[in-house]
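Descriptive structure summary
Residue strings, one per chain:
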Amino acid sequence: MIEKEKFAVVKNKYKNAGPDALIPLLQDIQGELGYLSREAITEVSKGLKLSESKIYGVASFYNQFKFNPPGKYHIQICRGTACHIKGSKTILEHLERELKIAPDQTTKDGLFSLEVVSCVGACSLAPVIVVNNKFHADVDKKKIKKIIKKIRKEELE
Amino acid sequence: MISVKINHKTVKTTPEKTILEVLRKEGIDIPTLCHMQGFPPTGSCRMCVVEVKDFPGLVPSCSYPVRAGMEIQTHSNRVLEARRTILELLLATHPDDCLYCGKKEDCYLLELSSRMNVDRRPYRAVKKEMKRDIASNSIIRDNAKCILCGKCVRICEEVQQVGAIDFVNRGADTCVASAFEDSINLSTCIGCGQCIMVCPTGALQEKSYLNEVMEALNNPAKTVVVQNAPAVSVTIAQELDLDSQVEPQAVLTGILKKMGFDYVFETGFSADLTIMEESSELIERLQQGGKLPMFTSCSPGWVDYVEKFHPELRDYLSSCKSPQQMLGSLVKTFWAESQKINHDDIFHVAIMPCTAKKSEAERSDLLTGGNKDIDAVLTTREFLKLIKLHGIEVEKIESSPADTLLGKHSSAGKLFAASGGVMEAALRTAHYLITGKNMEEPEISTLRNLREHKETELKVGNYDLKVAVVYGLGAANKLLEEIKRGEEKYDFVEVMTCPGGCVGGGGQPFGADQEKIRERMEALYKIDSRQKVRFSHENESIKNIYAEFLGKPLGKKSHELLHVRRTNQ
């Protein structure tokens, strides 16, 4: 489904909603689109009679809402205590350099997006990154290069 | 009645008040940063804390109701220490560039730091580094100076119902921004500048054109023309403490001449012209079944608001340009020709009580041949700075008449500055155009007060006119919704964006309360009552310009120069 059709599904569900439906509505939109697009926020603003700045204000308060379309491969890097001790800060820097994006951004080719998360509950595997829900344990600079290279190669083929 | 003790003195008061209200009534000035008169308190800045006996902690006076028997200390050591600490914490991330900040002596944060004797920096934090938002033609935002008091957010959302800005992000990253942290020129901001009026720091300021004006004044190749709005003269009279016997406009003209402006015109003249065109347009709509109600179009914030929030009502706006733009197009056509000056050599400055006028001057549908009619718009505040810059001693200024041709105004045009004034002036002339006679009583007292919503009914010839006057876009929005639902029917509606009309504009000096705004209105009514020419259609300059140049109201030339076909901005 294209973005517009996906959005129409959500719109239908919240036809008669008031401002109190804002957060569940935003969650549903993100569930469908993967992020909150500008167009979506404009539509929500018209529908719920809330200003766009208010909606953005609410959405930007919560970590769960994203404003950029996620990449085909969504990389989450754990910055929890255990991973921190095992050097996740350096891992993040490597990722940023390798992908040329900052956290919450998506690469120009739409392939990768990067997200910093607090803990993924896999401290024994620290430092850990999660690519499209697949865990990679005990990563270092070399391993990260390999993971990304592999994805790029697969995509080319 | 209950009694409380304030600083050991017994005071009688009523129980429905907050502690702050009681203290202020007693003449004790408690500093506040987030408190706004007439709004429910948020209690977020804690600057207003006081000590109440038997209370464990300090109490925020703005949000705590007064109770019988309270013993309140407003300036105990504990209180002063707390207030000072709050201020020191706010200053910890402040950029400290007061010397280079446009707000300077008007900055409330700076005033508090002086009042509380802040003389050291006990808390060292990383200075806020944030991009200045300079893309708007009206408002410059510098979030590094923002202390997050939230007043701008509230005035934008609750009074104007524009909601261009809000708090975004969380915790230490919180800032005031528009959706997606875009520049505000991309938001729904209409440039009214009411946020600037409430900002206690230099985070919100108008876009200044002082340098451009100074440059033009010192450029011998330029003929520098200036116009000033009716609201400016009465405000300047108040700010400079002018004798109430002198005509403020004449002093103002004297000041402008002394500064080196080559020609001084009055927006009051083009206000009269607006009245001629607008009342003719109203009559045309009444006779030919045009779109009613007709909305006034002099307040650029309001025009912008209709375009952004109620685009389907755009054609209900009068097609008249605002007085500023009317004079702008006349100066660079009619006047330039008559003086044999090339219009490119004219630099036209407008002094306005308004920040939205700065954006209006840049509108693409108001350009003539790709050129701006108005080259620079200064606010009343900037003009006061210009007076200081020129070192002018106001007591020694000789009153001077405005330059003729485009200089004379009736007192009807002057009334534009007060909410209800455009309506009053327009009805005076409409009455004459319909019946051929002047109104016996030109003052319409039901429209002369500071209420947000006023209306009146009036029989003019065969027409029973129902008119409404509102200020503040929240009130305007309410009226529009009623009209849309068919609950109310009007023929003519005046809307001013700012409280009280232009006299309470976003470009006016800081610190004006309702009383000061009322004083400015009274000053205008006084001018009206003592002026001989009280009708726009009796203004000699107006008669001349129609005879010599324009022909008749709504004629071909008028449509070309004085009316606008609005396009999406």
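What counts, and at which threshold
- Residues numbered from 1 in each chain as written.
- Chains lettered and ligands numbered in written order.
- Predicted model: local features only at pLDDT ≥ 70, side-chain atom pairs only at ≥ 80, totals over all residues.
- Heavy atoms only, no water.
- Helix = DSSP H or I, 4+ residues; strand = E, 2+ residues; numbered from the N terminus.
- Buried < 20%, exposed > 50% of the residue type's maximum accessible area, 1.4 Å probe, protein only.
- Areas by Shrake-Rupley, 256 points an atom, 1.4 Å probe, with all protein chains shown as cover.
- Lys, Arg positive; Asp, Glu negative; His and termini not counted.
- Charge placed at Lys NZ, Arg CZ, Asp CG, Glu CD.
- Domains from an automatic or database assignment.
- Polar contact = N/O pair within 3.5 Å; in protein donor to acceptor, adjacent residues only side chain to side chain.
- Pairing = 2+ DSSP bridges.
- Contact = heavy atoms within 4.5 Å.
- Axes fitted to C-alpha atoms, helices over the stretch in contact; angles between N-to-C directions.
- Patch = residues over 30% accessible without salt bridge, like charges linked within 9 Å, V, L, I, M, F, W, Y side chains within 5 Å.
- Salt bridge = Lys/Arg side-chain N within 4 Å of Asp/Glu carboxyl O.
- Buried area = accessible area lost by both parts, 1.4 Å probe.
- Nonpolar A, V, L, I, M, F, W, Y, C, P; charged D, E, K, R; others polar.
- pLDDT = per-residue confidence, 0-100.
- Parallel < 35°, antiparallel > 145°, perpendicular 65-115°, else oblique.
- Left-handed = near helix turned anticlockwise from the far one by under 90°.

Thoughts on the overall build of chain A
- If you tally the helices and strands in chain A, you get seven helices and four strands.
- Listing the helices and strands of chain A from first to last along the sequence gives α-α-α-α-β-α-α-β-β-β-α.
- Dimensions along the principal axes, computed over C-alpha positions, put chain A at roughly 50 × 40 × 20 Å.
- Burial statistics for chain A: of 157 residues in total, 40% are counted as buried.
- Of the roughly 9,400 Å² that chain A leaves accessible, carbon and sulfur atoms contribute 53%.
- Here chain A carries 27 positive and 19 negative side-chain charges, and the mean point of each set is 4 Å from the other.

Structural notes on unusual backbone geometry
- In this structure, Pro127 of chain A follows Ala126 of chain A across a cis peptide bond, with omega equal to -10 degrees.
- Looking at the element boundaries, Pro127 of chain A is found in the loop between β2 (112–117) and β3 (129–131).
- The residue after Leu292 of chain B, namely Pro293 of chain B, is reached through a cis peptide bond having omega 0 degrees.
- Looking at the secondary structure, you find Pro293 of chain B in the loop between α9 (267–288) and β12 (294–295).
- The phi dihedral of Asn7 of chain B is positive, around 45 degrees, even though this residue is not glycine.
- In this structure, Gln161 of chain B takes a positive phi of about 50 degrees despite not being glycine.

Some details on the domain arrangement of chain B
- Segmenting chain B into domains produces domain 1 (2–90), domain 2 (99–108 + 115–206) and domain 3 (212–547 + 557–561).
- Between the C-alpha centres of domain 1 of chain B and domain 3 of chain B there is a distance of 43 Å.

Some details on the domain arrangement of chain A
- On domain assignment, one finds that chain A holds domain 1 (3–61) and domain 2 (73–156).
- Taken over C-alpha atoms, the centre of domain 1 of chain A sits 29 Å from the centre of domain 2 of chain A.

Describing the side chain of Thr174 of chain B
- Mapped onto the elements of the fold, Thr174 of chain B is located in the loop between β7 (166–168) and β8 (175–177).
- A distance of 2.7 Å separates a polar atom in the side chain of Thr174 of chain B from the backbone oxygen of Gly171 of chain B.

Looking at the sheet that holds strand β4 (residues 59–60) of chain B
All names here are of chain B.
- As summarised here, the arrangement of the five strands in space is β2-β1-β5-β3-β4, forming an open sheet in which the pairing is mixed. Whereas interior strands pair on both sides, the edge strands pair on one side only; in this sheet they are β2 (9–13) and β4.
- Direction of pairing for strand β3 (residues 49–52) relative to strand β5 (residues 71–73): antiparallel, over a ladder of two bridges. The partner of Glu51 across the bridge, within β5, is Gln73.
- Strands in contact with helix α2 (residues 77–91) are β3 and β5; relative to β3, the strand with the most contacts, it is inclined by about 155 degrees.

Description of a positive patch on the surface
Residues and elements named next belong to chain A.
- Positive charge collects at one region of the surface, where Arg97, Lys141, Lys145, Lys149 and Lys153 lie side by side.
- With four residues, helix α7 (residues 141–156) is the largest single contributor of residues to the positive patch.
- Of the residues examined, Lys149 reaches a relative accessible area of 63% and is grouped as exposed.

Regarding the interface of chain A and chain B
- Counting residues at the interface gives 14 residues for chain A, matched by 16 residues for chain B.
- Buried surface at the junction of chain A and chain B, both sides included, amounts to about 1,200 Å², of which 54% is carbon and sulfur.
- It is Arg38, Ser53 and Tyr56 of chain A that lose the most area in chain A upon contact with chain B, and together they represent 46% of the buried surface on that side.
- Across the chain A-chain B interface, the total number found is three salt bridges.
- Counting every contact that joins chain A to chain B gives nine residue pairs in polar contact (both at pLDDT 80 or more).
- If you list the elements that add at least two residues to the side of chain A that touches chain B, you get α3 (38–48) and α4 (52–61) of chain A.
- Sort the elements by how many residues they give to the side of chain A that touches chain B and α4 of chain A lands first, with seven residues.
- The class makeup of the residues in the side of chain A that touches chain B is five nonpolar, six polar and three charged.

Notes on the sheet that holds strand β11 (residues 263–266) of chain B
Residue and element names in this part refer to chain B.
- If you trace the four strands from one edge of the open sheet to the other, you get β11-β10-β13-β14, paired in parallel fashion. With one partner strand each, in any of the chains shown, β11 and β14 (376–379) form the two edges of the open sheet. The mean inter-strand angle of the sheet, taken between neighbouring strand axes irrespective of direction, is 25 degrees.
- In this sheet, β14 lies alongside strand β13 (residues 346–352) in parallel orientation, the contact comprising four bridges. Note on β14: the bridge partner recorded for Ala350 is Val377.
- Relative to β13, helix α6 (residues 210–217) is tilted by about 140 degrees, and along the sheet it contacts β10 (223–228), β13 and β14.
- Sitting on the sheet, helix α13 (residues 380–389) touches β13 and β14, and the angle it makes with β14 is about 85 degrees.

Regarding the confidence of the model for chain B
- With 99% of its residues at a pLDDT of 70 or more, chain B shows a mean pLDDT of 93.
- For chain B, per-element mean pLDDT is lowest for helix α14 (residues 411–414) of chain B, which scores 90, and highest for β14 of chain B, which scores 98.

Let's talk about the packing of helix α2 (residues 22–33) of chain A against α3 of chain A
Residues and elements named next belong to chain A.
- Running from N to C, α2 and α3 point in directions that differ by 150 degrees, and their axes come no closer than 12 Å. Between α2 and α3, the angle is such that the two are roughly antiparallel. Taken as a pair, α2 and α3 cross one another with a handedness that is right-handed. Across the interface between the two elements, Leu22, Leu25, Ile29 and Leu33 of α2 pack against Ala40, Val44 and Leu48 of α3.
- Class assignment of the residues belonging to the contact of α2 with α3 gives a composition of seven nonpolar, no polar and no charged.

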